[in-house]
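# Overview (structure and organization)
Residue strings, one per chain:
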Amino acid sequence: MEQFTQITLLLIGSVFSLSLAAFGFVSIAEKEQRAVRVSFSGAVLGAVFFILAASLPASTRATLIFILTAILTGFVILFFLPIGIIKTENDIPSKRFDERKIMFARANLKSGTPEYESYYALHPEDKLTDDGSRDKPGLLSPQSKFFDPILFTAPNASFALTSALRDAVDGTPASEKIALTPIEITAYIKEMTHYFGALDVGITPLQPYHIYSHTGRGVGIYGAPIELDHKYAIALTVEMDFEMMGAAPYAPVVMESAKQYVESARVAVQVAEVIRSLGYAARAHIDGNYQVIAPLVARDAGLGEFGRMSLLMTPQEGPRVRVGVVTTDLPLVADARSIDATTIDFCNICKKCAENCPSKSIPFDEREKVDDAARWHINPDTCFAYWNVIGTDCGRCMTVCPYAHPNNFAHNLVRWGIARSGFFRRFALWMDNLFYGRKPAPRPAPAWTDISVKQ
Ligand code: SF4
Ligand code: SF4
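Residues numbered from 1 in each chain as written. Chains lettered and ligands numbered in written order. Predicted model: local features only at pLDDT ≥ 70, side-chain atom pairs only at ≥ 80, totals over all residues. Heavy atoms only, no water.

## Here we look at a nonpolar patch on the surface
Among the surface-exposed residues, V44, V48 and L52 lie close enough to one another that they form a single nonpolar patch of about 270 Å² accessible area. Along the polypeptide, L52 turns up in helix 2 (residues 33-54). (Patch = residues over 30% accessible without salt bridge, like charges linked within 9 Å, V, L, I, M, F, W, Y side chains within 5 Å. Areas by Shrake-Rupley, 256 points an atom, 1.4 Å probe, with all protein chains shown as cover. Salt bridge = Lys/Arg side-chain N within 4 Å of Asp/Glu carboxyl O. Helix = DSSP H or I, 4+ residues; strand = E, 2+ residues; numbered from the N terminus.)

Rendered as structure tokens:
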């Protein structure tokens, strides 16, 4: 019995310290300096504690094992208690959204043009804000705060390629339709979309509220009503690199987001082309030429849920994704969407993005209803105005989000718990704050981006 309690304590101590040390090595690879310090300090303290405990008198050791067992049992019981249950609310918008209202469309308006006059005649409330935003240096501008003459060439190149793809989103379908069942063709299209480079793929019936009501930024006549009679929408995500995003809000973040706009556009354009070759109408929806609200389509296709920062939160990468969409007439099998109340519960208690947002654009309050749909809404005007000052698309909210950690065993274990237990969500948030801090500093960018102009 004496030896049993000693061995038990040493075993518990070994598991505790080795797990923390292993997490420390994971954190080194992730360049999470605070997590490295916390992990290795915890591993050493744990080892010392359990070695000392193993040398205590037998009766004290037995008491300690009893206390540890009680704590573990309590944890297991709490894991299964119905804490943080969210009442699901309607999150389907009752109206179509006008693309002319989005900030990118408004930013394109030039004073004196008919588009400018017509928009501000309809929405005079936006004029002051938009004129103020246009007076700022602008995204990727040499006058912006984080301008980098070398690094900014990469996003410029990526945006140029996305622009070139805007005219390739649509085309004429082949005259003969391929004969396959919806089940067969759905499996093929999904695998092929992965093969082209997508991380996740989902399918939803195309709904009227997915489609913008009027063209604001996309190719075509400004202000023209959008008619899109396709039956299905294929949503796809591509991952934004964890290391590049960690340097937000500096230049690497806009390099990465521009690169992934290209990737999502490329995959969508390729998938649409394949479907047209099979004899069915298909249109890709890509940056600068959307007819649908891509994150809304992706949510309904079962790829994630909207979080506090208004972005699609995917199960494995959180908000660290870009979304592309293909709409089509090809008969497909849609995926079922189930509302992920666990993400909503986590966002209710977390608020880390709101605390870290430099422009204070993210709400601290509960979700609100707009067009009958419950959802968090950021202030896009103040967010975009901040981008126009710093020259990058910021991305601090994405980087600090506890869902945005890399897709690996350690973080997936936490994600597994988060998706199953309200108590665990609260515990995981506490752990996230402990390991990464409530206001984490930007992580070091990849070494190759550390380059400057020689004088
Ligand atoms: S940082 Fe927290 S509150 Fe914000 S989106 Fe991520 S999980 Fe939700
Ligand atoms: S991108 Fe930056 S400014 Fe915009 S909401 Fe996120 S943290 Fe705030």
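Resuming the write-up.
## Some thoughts on the site of ligand 2
Residues in close proximity to ligand 2 include C357, P358, S359, I362, C383, Y386, W387, D393, C394, G395, R396 and C397, which together make up its full environment. Where the shell around ligand 2 is concerned, the elements lending two or more residues are helix 14 (380-390) and helix 15 (396-400). Take the shell around ligand 2: its biggest share by element is three residues, from helix 14. In terms of residue class, the shell around ligand 2 is built from eight nonpolar, two polar and two charged. (Near = heavy atom within 4 Å. Nonpolar A, V, L, I, M, F, W, Y, C, P; charged D, E, K, R; others polar.)

## Brief notes about the environment of F346
With respect to the helices, strands and loops of the structure, F346 is situated in helix 12 (residues 341-350). On the basis of relative accessible area, F346 is assigned to the buried category, the value being 2%. Every residue in contact with F346, bar those within four places of it in the chain, is listed here: P402, Y403, I418, R425 and L429. (Buried < 20%, exposed > 50% of the residue type's maximum accessible area, 1.4 Å probe, protein only. Contact = heavy atoms within 4.5 Å.)

## Notes on helix 16 (residues 409-418)
Residues H411, R415, G417 and I418 constitute the buried set of helix 16. Down the axis of helix 16, the buried side of the element spans an arc of 160°, and every buried residue falls inside it. Those residues of helix 16 that are exposed and aimed more than 90 degrees away from the buried face are F409 and L413. On its buried face, helix 16 sits against helix 1 (2-29), helix 3 (58-80), helix 12 and helix 17 (422-436). (Arc of directions from axis to C-beta.)

## Some remarks on the sheet that holds strand 3 (residues 282-285)
Read from one edge of the open sheet, four strands run 1-2-6-3, paired in antiparallel fashion. The sheet terminates laterally at strand 1 (200-205) and strand 3, the two strands that pair on one side only. Going across the sheet, the axis of each strand differs from the next one's by a mean of 20°, ignoring polarity. In terms of strand pairing, strand 1 meets strand 2 (residues 232-239) through six bridges, oriented antiparallel. Bridge pairing in strand 2 links G202 to A235. (Pairing = 2+ DSSP bridges. Axes fitted to C-alpha atoms, helices over the stretch in contact; angles between N-to-C directions.)

## Side note on the pattern of salt bridges
Evaluation of the coordinates by the stated rule reveals 28 salt bridges. Across the pair R106 and D126 runs a salt bridge, and its minimum N-O distance is 3.9 Å. Taken together, the residues span a long stretch of sequence, with R106 in helix 4 (residues 103-107) and D126 in the loop between helix 5 (114-122) and helix 6 (127-134) at a distance of 20 residues. Residue classification places R106 among the buried residues on the basis of a relative accessible area of 5%. The residue D381 makes a salt bridge to R106 at a minimum N-O spacing of 2.9 Å. Highlighted residues: D381 in helix 14 and R106 in helix 4, separated in sequence by 275 residues. Where salt bridges share partners, they join K101, R106, E125, D126, D130 and D381 into one cluster.

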